[in-house]
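Given next are the chains, with one letter for each unit.
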Amino acid sequence: MQNYKYTFSELLSDIKTDISVKTSSYLWSFYYFLFSPQIKVVFYYRLSHWLFVNNFCRLAYVIKCFQAKYGCYISEKSIIGKRFSLPHPVGIVIGDGVVIEDNVSIWQNVTLGSHGKRDTQPGYPYIERDVRIFVGAVLIGRIKVGEKATIGANTVVLSDVPPNSIAVGTPYKGYQ
């Protein structure tokens, strides 16, 4: 993360990719950009992240506050890949150190955060590509969710989830 750079051309490319996932028409792309909450929340994240990485921290905070209108908190310090999808962007919390790879979908009321223990290094989830996280799931601590895994609705995940698996339960115990 120390040598992490996010250039302006990468920002524009990510925004274009986010919009083009919805439609290939320029007219519909413009419509989605103006009126779709899921596109706006991801756009505000991408812009605030670019500003944060390029040392415009106060402006990044101001842009991030626009997400609050939609009931979301996506930290400008988190790293999110391409084709990030929020079908219902309400109640989503993504903490500071979260890393999300490409093609991940997150539904409403999902929390990705640190364990909150005092006197210990905060740990955040690492989400690999092609993961789906359904309604009300909570992923806490330094865990890794494997490629193409699915996290079921209202699942509490406190341990690693293997690739190509389905995690359900409160709490999810993992494979022994």
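The structure reproduced in this document is the subject of the present report. (Residues numbered from 1 in each chain as written. Predicted model: local features only at pLDDT ≥ 70, side-chain atom pairs only at ≥ 80, totals over all residues. Heavy atoms only, no water.)

### Some thoughts on helix α3 (residues 37-53)
Okay, step 1: Its 17 residues give α3 an end-to-end C-alpha distance of 24 Å, which sits within 8% of 24 Å, the value for a rise of 1.5 Å per residue.
Okay, step 2: With 13 of its 17 residues buried, α3 lies for the most part within the structure. (Helix = DSSP H or I, 4+ residues; strand = E, 2+ residues; numbered from the N terminus. Expected span 1.5 Å × (residues − 1). Buried < 20%, exposed > 50% of the residue type's maximum accessible area, 1.4 Å probe, protein only.)

### Observations regarding the sheet that holds strand β6 (residues 111-113)
Okay, step 1: Read across the sheet, five strands follow the order β1-β3-β6-β9-β12 without closing on themselves; strand pairing throughout is parallel. Every other strand in the sheet has two partners, leaving β1 (73-74) and β12 (156-157) as the edge strands with one partner each.
Okay, step 2: Bridge count between strand β9 (residues 138-140) and β12: two bridges; the pairing is parallel. Looking at β12, one finds that L139 is bridged to V157. (Pairing = 2+ DSSP bridges.)

### Looking at the packing of aromatic side chains
Okay, step 1: Scanning the model with the defined rule gives four aromatic pairs in all.
Okay, step 2: Where W107 meets F134, the ring centres are 4.6 Å apart and the plane angle is 25°; that geometry is what we call stacked. With a gap of 27 residues between them, W107 in the loop between β5 (105-106) and β6 and F134 in the loop between β8 (132-133) and β9 connect regions that are remote in the sequence.
Okay, step 3: Of the residues examined, W107 reaches a relative accessible area of 18% and is grouped as buried.
Okay, step 4: Assessed through its relative accessible area of 25%, F134 is described here as partly exposed.
Okay, step 5: Counting every residue linked through ring pairs, the aromatic cluster contains F43, Y44 and F66.
Okay, step 6: The ring of Y126 carries the charged tip of K144 above its face, separated from the ring centre by 5.4 Å. (Phe/Tyr/Trp six-rings, centres within 6.5 Å; stacked < 30°, edge-to-face > 60°. Lys NZ or Arg CZ within 6 Å of the ring centre and 35° of its normal.)

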